[in-house]
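Listed below, chain by chain, are the residues.
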Amino acid sequence: MPAAHFYSRKLLLVKLPIAAAAIALCAWLWVALLPLPPASLTLSTGLPEGVYHAHAQRYTEAFARHGITLNVATSDGSEMNLRRLRGAAQPHADLAFVQGGVAEAGARLPGGRLETIARVDVEPVWIFSRVPGIDSLEQLQGRKVSLGPPGSGTRKLALTLLEQVRMDAADVVDTPVTGMNAAQALEQGSLDAIIMVSAGDSPVVKAMLRAPGVSLVQLKKITAFTERLPFLQVRLLPQGALDAAAQLPPRDSAVLITTSSLVARADLHPALQRLAAEVAREMHGGPGPFHRAGDFPTLRRIEFPASEEARRTLAQGRPWLEEELPFWWAQIAVRLLVICLPIALLAYWLARAIPAYLRWLLESRIARWYGELKFIEFDLARESVTGLDRVKHLQRLASIEKRMTAFATPRYLMPRWFTLREHIAFVRARLDRGRGR
């Protein structure tokens, strides 16, 4: 009987296969349903002297505290960052800082969907010139101007501003020097103006504000730009806001500002999206020249769809396990609770239920034979039992014995098996005694 064979070898034929199947199912679900996050990420930033790169150094330390290696890849700016996020440029990036106003350029690129982790900072549009009296972009026509490196958000925004006054790069002498080199060229007189987008604590910005003969351009009709370009706003930069001791800037100045965002690939692991949002809150939660403490990070007025994981993290914090346990221990604990524990309970129940069912099958077989024997005894109790009936009963007893002999009786059923054999012998003796009547 297969049931007896399986029950007698239940450890090898039942419990071990169940355990192996449970382990295999846990492993498959662990990999396919809830894979562990990768141990390293690539963050695309900007020029080495820029504020994005400075942010990235702090991000690297923060991610390292959670056991994640953050590889920082410098770039020419936001447009290149978007290409890296889309997989259109090397190295491919998982996270990147993206300047406001370049989302339209990113939308035209092929590749996967992008999501915003958070807006993280305010970035003023700085226009520095050594030509006195400039108060409009039209006055830059024919002059040597640094518009920013190709592929940068600075260059895209500078060209966008020129378009608003019916100009383009051909209307100025587009000079390729950027960053600190452009600041030195402006100070030395080989450059007339710089248009750049950078945070107020950028070394280039402070160098320009300190440079003799260089002034921060105050545009007339500055609010007109904000009406046509909704990603821009006008803010007042008070005297001394960047450096009170050095009185930088030297007077109150109205500047255009945009914002920068931390953007991720939509397929970035959810746990890493939550961690990135938490790190952004840690890095950018303080005050700045243009915002109060707590204004950033935020998901208001974003250009790419918001990451749902980041939204929940910024509103409610990370899940309890990730707050209480180290990052990797939390990831393992979640999978143990969600995958391994239910499968282990199911495997335990099956390892108990299947042998119990096999045991019931075996005991029911013995019980059926007892039932057949009892039927013969009831029939013998009648007075009208013929010789033919006795022959049929003897044949039935022989059939029961034959089946009992073929039955691989488990050890715990042997007492009942031998008792049944004795009862069969007793009933056979009664049938033999009645043959001569």
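In every chain, residue numbers begin from 1 and rise along the written sequence. The predicted nature of this model means local features are confined to residues of pLDDT at least 70 and side-chain atom pairs, given and counted, to a pLDDT of 80 or more, with totals for whole chains, interfaces and linings taken over all residues. Side-chain calculation: all heavy atoms of the structure are included, whereas hydrogens and water are not.

(A) Summary view of the packing of aromatic side chains. Planes of paired rings set the category: under 30 degrees apart is stacked, over 60 is edge-to-face and the rest tilted, where pairs are Phe, Tyr or Trp rings (Trp by its six-membered ring) whose centres lie within 6.5 Å. For the structure shown, the criterion picks out six aromatic pairs. Ring geometry for Tyr52 and Phe97: centres 5.4 Å apart, planes at 25°, overall stacked. Taken together, the positions of Tyr52 in helix 3 (residues 51-65) and Phe97 in strand 3 (residues 95-99) put the pair 45 residues apart, joining distant regions of the chain. Take Tyr52 and Phe97: they sit in the same class, and that class is buried. With centroids separated by 5.4 Å and ring planes inclined at 85°, the aromatic side chains of Tyr59 and Phe97 adopt a geometry described as edge-to-face. One end of the pair, Tyr59, is in helix 3; the other, Phe97, is in strand 3, with 38 residues separating them in the sequence. Only protein chains enter the accessibility calculation, which uses a 1.4 Å probe; a residue is then buried when its area is under 20% of its type maximum, exposed when over 50%, and partly exposed in between. Given the relative accessible area of 0%, Phe97 is considered buried. Grouping aromatic residues by their ring pairs yields a cluster made of Tyr52, Tyr59, Phe63 and Phe97. The secondary structure listing takes helices from DSSP runs of H or I that are at least 4 residues long and strands from runs of E that are at least 2 residues long, numbered from the N terminus.

(B) The pattern of salt bridges, seen in detail. A carboxyl oxygen of Asp or Glu within 4 Å of a side-chain nitrogen of Lys or Arg is what we treat as a salt bridge. Enumeration over the complete set of coordinates arrives at 16 salt bridges. Of the charged contacts in the structure, one is a salt bridge between Glu322 and Arg318, with a shortest N-O distance of 3.9 Å. Each member of the pair Glu322 and Arg318 is classed as buried. When salt bridges with common partners are traced through the structure, they connect Arg274, Glu309, Arg312, Arg318 and Glu322 into a single cluster.

(C) Up close: helix 2 (residues 10-32). One fewer than the residue count of a helix, multiplied by 1.5 Å, yields its expected span. For helix 2, with 23 residues, the first-to-last C-alpha span of 31 Å sits near the 33 Å given by 1.5 Å per residue. Those residues of helix 2 that fall on the buried side of the exposure criterion are Val14, Ile18, Ala22, Cys26 and Leu29. Those residues of helix 2 that are buried are in contact with helix 1 (2-8) and helix 13 (327-380). Residues are treated as being in contact if the distance between any of their heavy atoms lies within 4.5 Å.

(D) Region of interest: a nonpolar patch on the surface. Distance thresholds for patches are 9 Å for like charges and 5 Å for nonpolar side chains (Val, Leu, Ile, Met, Phe, Trp, Tyr), applied to residues having over 30% relative accessible area and no salt bridge. In this description, accessible areas are obtained by the Shrake-Rupley approach with a 1.4 Å probe, and a residue is regarded as covered only by the protein chains that are shown. On the surface, Leu337, Val338, Leu341 and Leu345 cluster together to form a nonpolar patch covering roughly 380 Å² of accessible area. Here Val338 is to be found in helix 13. For Val338, a relative accessible area of 48% gives the class partly exposed.

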